[in-house]
2 protein chains.
Amino acid sequence: MPSTPAYAAPAAGKPLAPFSVERRDPGPRDVEIDILFCGICHTDIHQVRDEWGGSTFPMVPGHEIVGRVRQVGKEVTRLDIGDLVGVGCMVDSCRACEPCRHGTEQFCEQGVAWTYGSTLMDRKTVTQGGYSSRIVVDQKFVLQVPAGLDPAGAAPLLCAGITTYSPLRQWGAKRGDRVGVVGLGGLGHMALKLAAAMGAEVTVLSTSRAKEADARRLGAAGFEVTGDDAAFRKMAGRLDLMIDTVSAPHDYNRYLGLLRPHGTMVLVGVPPEPAPVAAGALIGGNRRLAGSLIGGIAETQAMLDFCAQHRIVADVEVIPIQQVNQAYERMLKGDVRFRFAIDMASLKQG
Amino acid sequence: MPSTPAYAAPAAGKPLAPFSVERRDPGPRDVEIDILFCGICHTDIHQVRDEWGGSTFPMVPGHEIVGRVRQVGKEVTRLDIGDLVGVGCMVDSCRACEPCRHGTEQFCEQGVAWTYGSTLMDRKTVTQGGYSSRIVVDQKFVLQVPAGLDPAGAAPLLCAGITTYSPLRQWGAKRGDRVGVVGLGGLGHMALKLAAAMGAEVTVLSTSRAKEADARRLGAAGFEVTGDDAAFRKMAGRLDLMIDTVSAPHDYNRYLGLLRPHGTMVLVGVPPEPAPVAAGALIGGNRRLAGSLIGGIAETQAMLDFCAQHRIVADVEVIPIQQVNQAYERMLKGDVRFRFAIDMASLKQG
C-alpha cells in the first residue's frame, strides 16, 4: 500500500496538518490519479469540525478533485495515462439498486461510498479525500475533464458545479426562464453561470449590495438586495425557478412569494435549524419547495461537457495547502471570490 | 333581480339563518341553475368565522354545487335546460392573463371571482354561494355533471374532488405507484378513491386506528397509524407521492422521510401555523414539498368525467339546511363520513 502525502484533521475542530495516507494498489478497474487541484467546499469545514456528527479522524477532506491519470488497471478502457480527470463526492456505490441503475448513485440504497469520511462498500475501508497527492478510484467514479477547462477552476465543478447544475436540469431551466439565485458564494456563482449559459434571465438575490458588480460580470440580468422589502414586492410572482444556496437562517416563505404559479425553489444550502414553512405559501400558486443533493455520475459528466461547451469554470483563488486553515477562516467570513482551490504541487514543498 | 331563498351567516361567527339573496337576471352567456345539493367544505367554516380575515357579511357560503339548468342565455350553446351541472370554487376570472389562458383560472392575475365571499370581476358585485335555491353563473364556469353520478355525492367533487385530483395528475400518479394519503376526512377519502382508481397502491396514514375499516373499504392497500414510530420506520423511503390533507399541526419532516428519491408530498390542508422544515429532509433524496390549490375549469371537467368513468362520488351524509349549524359542529369534531351535502329541497320547507 503506497503512502501518499496529505493534509488531515487529526481530531474534531483541530487544524489540518501534514499527514500520510495509504492508498490501495490499483486493481484491474482502478485509476490512480496524481491530484493537481482540490477545491475547498463548505462541507469540508462541517466535516472536520464534526458539525453534522459521525466524523472519523484523522480525516483527509476534499471532494473537488482534478488530476492526471498516473496508472490504470488492465480492465480500464475508457481512460488512459495522462488524461485530465475529476473525482467528486462519491467513489463507489452498490450499482445494483434502483437509484444506482437510474444514475442517481448519491441515493444508493446500500449507502454510497463518499470520497472521504466514509467507507468503501466493504464498510470497513475508510475513505480519505483529495487534500493529498494521489488517489485511487474505480473507473466508474472517475470523470473526464474535457480539454479547454482550466484545471484549478474545474475542480469546484465536481461539487459546486454539479450541485447547482442538477437542480437547473431537474426543473428544466431553459432560454427565457426567469431564474433566481439566492446567495452569491461558491454555489451561487456557479448557479448563476450555469443558468445564464442555459439561456435563463438570472436575478441574484443577495444580502449585500457590494456583490452586484460581480453578479453582473458573471451574467446576472438582475440583482436585488434581500434586506429590502421593496425588492420582494417588485419581484413577487416573477420567477420560474430559484436556486437557494444560503446556509444562514432565512425566511423561505418570503422567497416562495417570488415564484410564479408552479414555480420551484430548490434548496442546496442547509441552514442550521429547520425553517417554518406556511402551507399557504405553497398552496397559493401550486408552488414547490424542493431539495437537491449533488448529482449522479452520468449527470456530472454531462455537466463537465456542458461547462466545456460554454467555457465555464469556477472563479477560484489558488492557494498552497499550507494556507488551508486560514482559507477555512476566510470562507467562514465569506472572504473568497468564490472558491478556494488548493494547488497540490505545494504538498511536495511542505 | 330575482330574490332567492338562502342561508347566510349574518356576521362573523354567528349561526347561519334564513336569508334572501338577489341573483342577477341571466345575461346572454349566463346559466341559471336550480341548486339540488351543496356540499359543506371546511372553508365554509373558516369563512363564516372570518378565520382567514377579510370575510364580508351577510355571507351565503357553499362552493360544492350541483343542480339542474333552469334557464340559459341566448349565447349559451354547450348547456341546455334540464342538464345536471356543477359549480365549484370559482365563478369568473379575467380570461386574458397567462394563468387563465393556460387553464389555471384559480391563479388569475386579476384575482379570480370566488363563488362566495368575493366579488365579480367588476370588483363591486359581492358573490354569494350555494346554500341557496338558485345561482346564476357564466357558462364558462359551469361544469357538466356526467350521467350516472349521484347528484348529492357529486357535489363535493367540485371542491374536495378537484383539490385531490389535481395534485395526483400534476405529479403523475399512475398504475403501480405507491401513494400515501395523510388524513382520512373529506379531502382524504377523495384522494384515496381517486388515487386507487388511477391504479396506485394507496396507503392511508391516520391518527386513528378506527378509520382502518373505512380506508380498506374505500380501496386502501395499506393503513398506518401515525402515532406509531414503527409505522414511520416501516414506511421510510417507500412512497412516490403523498397527498397531505391534514390541517392540524404535524411534523412535515417526519412525513418527508416516507418518500422515495424524487418523491413529492403535496399539501392541500392548511395548518394554523407555519411548520418547521429541515433543508436536509428535502435535500436527502431530492424530495419535494408542494402545495396545490383546487384546479382549473378544464381540469375540473376532466375530473368529473374521470369520476363518471370510475363511478366515484364522495361518501355523503345528506342533511336539510336547517341542520347546517349542527353539521359545522360535527365537522369540527370529525364526526362525518366523509362529507355533508345539503339537500336544497329543504329550503322550501323552512
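Given the structure is predicted, the values throughout are model-derived calculations rather than measurements.

Scoring rules and cut-offs
- Residues numbered from 1 in each chain as written.
- Chains lettered and ligands numbered in written order.
- Predicted model: local features only at pLDDT ≥ 70, side-chain atom pairs only at ≥ 80, totals over all residues.
- Heavy atoms only, no water.
- Domains from an automatic or database assignment.
- Buried area = accessible area lost by both parts, 1.4 Å probe.
- Salt bridge = Lys/Arg side-chain N within 4 Å of Asp/Glu carboxyl O.
- Core = buried A, V, L, I, M, F, W, Y, C linked by side-chain atoms within 4.5 Å.
- Buried < 20%, exposed > 50% of the residue type's maximum accessible area, 1.4 Å probe, protein only.
- Contact = heavy atoms within 4.5 Å.
- Helix = DSSP H or I, 4+ residues; strand = E, 2+ residues; numbered from the N terminus.
- Polar contact = N/O pair within 3.5 Å; in protein donor to acceptor, adjacent residues only side chain to side chain.
- Nonpolar A, V, L, I, M, F, W, Y, C, P; charged D, E, K, R; others polar.
- Pairing = 2+ DSSP bridges.
- Disulfide = S-S within 2.5 Å.
- Least-squares fit on C-alpha atoms with pLDDT ≥ 70 in both.
- Expected span 1.5 Å × (residues − 1).
- Axes fitted to C-alpha atoms, helices over the stretch in contact; angles between N-to-C directions.

> Is there a simple way to explain the domain arrangement of chain A in this structure?
Interface size, as often reported, equals the accessible area lost upon joining of the parts. All names here are of chain A. One can read the domain layout of chain A as domain 1 (4–159 + 313–349) and domain 2 (161–291). Relative placement of domain 1 and domain 2: their C-alpha centres are 28 Å apart. Taking both sides of the interface into account, the surface hidden between domain 1 and domain 2 amounts to around 1000 Å²; carbon and sulfur atoms contribute 50%. The interface formed by domain 1 and domain 2 includes 3 salt bridges.

> Looking at this structure, I do not really get the nonpolar core. What am I missing?
Among the nonpolar cores identified, the biggest contains 200 residues, and Ile40, Tyr131 and Leu168 of chain A together with Ile40, Tyr131, Leu168 and Val324 of chain B are the most heavily contacted of them. For Leu168 of chain B, the contacting residues outside a window of four places in its chain are Ala173, Val179, Ala191, Leu194, Ala195, Met198, Leu241 and Ile243 of chain B. Counting 40 residues, the second largest nonpolar core, distinct from the first, contains Tyr252 and Leu259 of chain A together with Met265 and Ala281 of chain B.

> What should I look at first to understand the environment of Gly180 of chain A in this one?
Here Gly180 of chain A shows up in strand β10 (residues 178–182). When neighbours within four sequence positions are excluded, Gly180 of chain A is seen to be in contact with Thr203, Leu205, Leu239, Leu241, Met242 and Ile243 of chain A.

> Whenever I open this one, the interface of chain B and chain A confuses me. Can you help?
Each partner contributes to the interface: chain B provides 33 residues, whereas chain A provides 33 residues. Among the residues chain B hides against chain A, the three largest losses belong to Phe107, Ile283 and Asn286 of chain B. Together they make up 22% of the total. In this structure, the salt-bridge partner of Arg260 of chain B is Glu98 of chain A, at a minimum N-O distance of 2.5 Å. At the junction of chain B with chain A, the criterion picks out 11 residue pairs in polar contact (both at pLDDT 80 or more). Secondary structure elements with two or more residues in the side of chain B that touches chain A: α2 (98–101), β14 (259–267), β15 (275–277), α9 (279–283) and β16 (288–291) of chain B. Residue composition of the side of chain B that touches chain A, by class: 20 nonpolar, 9 polar and 4 charged. The sheet contact formed by strand β15 (residues 275–277) of chain A and β15 of chain B spans 3 bridges and is antiparallel. Bridge pairing in β15 of chain B places Val277 of chain A opposite Ala275 of chain B.

> Whenever I open this one, unusual backbone geometry confuses me. Can you help?
Excluding glycine, a negative phi dihedral is what most residues carry, and trans is how most peptide bonds are arranged. Here Phe57 of chain A and Pro58 of chain A are connected by a cis peptide whose omega angle stands at -5°. Cis rather than trans, the peptide bond between Arg337 of chain A and Phe338 of chain A has omega equal to 0°. Relative to the elements of secondary structure, Phe338 of chain A occurs in the loop between α11 (324–332) and β18 (339–343). Phi angles above zero are rare outside glycine, and Asp50 of chain A is one such case at about 55°. Tracing the sequence through the fold places Asp50 of chain A in the loop between α1 (42–48) and β4 (65–72). Under the relative-accessibility criterion, Asp50 of chain A is labelled partly exposed at 27%. The backbone of Arg95 of chain B sits at a positive phi, close to 70°, despite the residue not being glycine. Summarising the element assignment, Arg95 of chain B is placed in the loop between β6 (90–92) and α2.

> Is there a simple way to think about the state of the cysteines in this case?
Residues and elements named next belong to chain A. The final tally for this structure, using the stated rule, is 0 disulfides over all chains. Here Cys89 stays free of any disulfide, with the sulfur of Cys159 as its closest cysteine sulfur at 3.8 Å. By relative accessible area, Cys89 is classed as buried at 9%.

> Mind showing me how you'd approach the relation of the copies chain B and chain A here?
Between chain B and chain A, which share one sequence, the superposing operator has a rotation angle of 180° and an axial displacement of 0.0 Å; the RMSD is 0.0 Å. As the rotation angle and translation indicate, the two copies are arranged about a two-fold axis. For chain B, the smallest separation between a C-alpha atom and the rotation axis is recorded for Pro276 of chain B, amounting to 1.9 Å. By residue overlap, the copies meet face to face through one surface: 100% of the interface positions of chain B are interface positions in chain A.

> Please explain helix α10 (residues 297–309) of chain A as it appears in this structure.
Counting along an α-helix, one turn takes 3.6 residues, and residues three or four places apart therefore face a common direction. Residue and element names in this part refer to chain A. Between its first and last C-alpha atoms α10 spans 18 Å; for 13 residues at 1.5 Å apiece the expected length is 18 Å, and the two agree. Within the sequence span of α10, burial applies to Ile297, Thr300, Gln301, Met303, Leu304, Phe306 and Cys307. Remark: Arg311 follows α10 within two positions and exhibits a positive phi of approximately 55°.

> Which parts of the structure should I look at to understand the sheet that holds strand β14 (residues 259–267) of chain A?
Hydrogen bonds between backbone groups are what pair the strands of a sheet, and the pairing can be parallel or antiparallel. What the 12 strands build is an open sheet, ordered β12(A)-β11(A)-β10(A)-β13(A)-β14(A)-β16(A)-β16(B)-β14(B)-β13(B)-β10(B)-β11(B)-β12(B); its pairing is mixed. What marks the edges here is a single partner per strand, and that holds for β12 (222–225) of chain A together with β12 (222–225) of chain B. Along the sheet, successive strands turn relative to each other by an average axial angle of 20°, direction set aside. Pairing geometry for strand β13 (residues 239–244) of chain B and β14 of chain B, over 5 bridges, is parallel. Residue pairing for β14 of chain B: Asp244 of chain B is matched across the bridge by Leu267 of chain B.

> Before we go on, may I ask you to explain the pattern of salt bridges in this structure?
When charged atoms on two side chains of opposite charge get close, those side chains can pair. Applying the stated criterion across every chain, the model contains 48 salt bridges over all chains. Close ionic contact of Arg260 of chain A with Asp240 of chain A constitutes a salt bridge, the shortest N to O distance being 3.2 Å. Of this pair, Arg260 of chain A sits in strand β14 while Asp240 of chain A sits in strand β13 (residues 239–244); the two residues are 20 residues apart in sequence, bridging distant segments of the chain. The partly exposed category is assigned to Asp240 of chain A, whose relative accessible area is 22%. The salt bridge partner of Asp34 of chain B is Arg134 of chain B, with a shortest N-O separation of 3.5 Å. Taken together, the residues span a long stretch of sequence, with Asp34 of chain B in strand β3 (residues 30–39) and Arg134 of chain B in strand β8 (residues 134–138) at a distance of 100 residues. On the accessibility criterion, Asp34 of chain B (26% relative accessible area) is partly exposed. Via salt bridges that share partners, Lys193, Asp214, Arg217, Asp315 and Arg337 of chain A belong to a single interconnected network.

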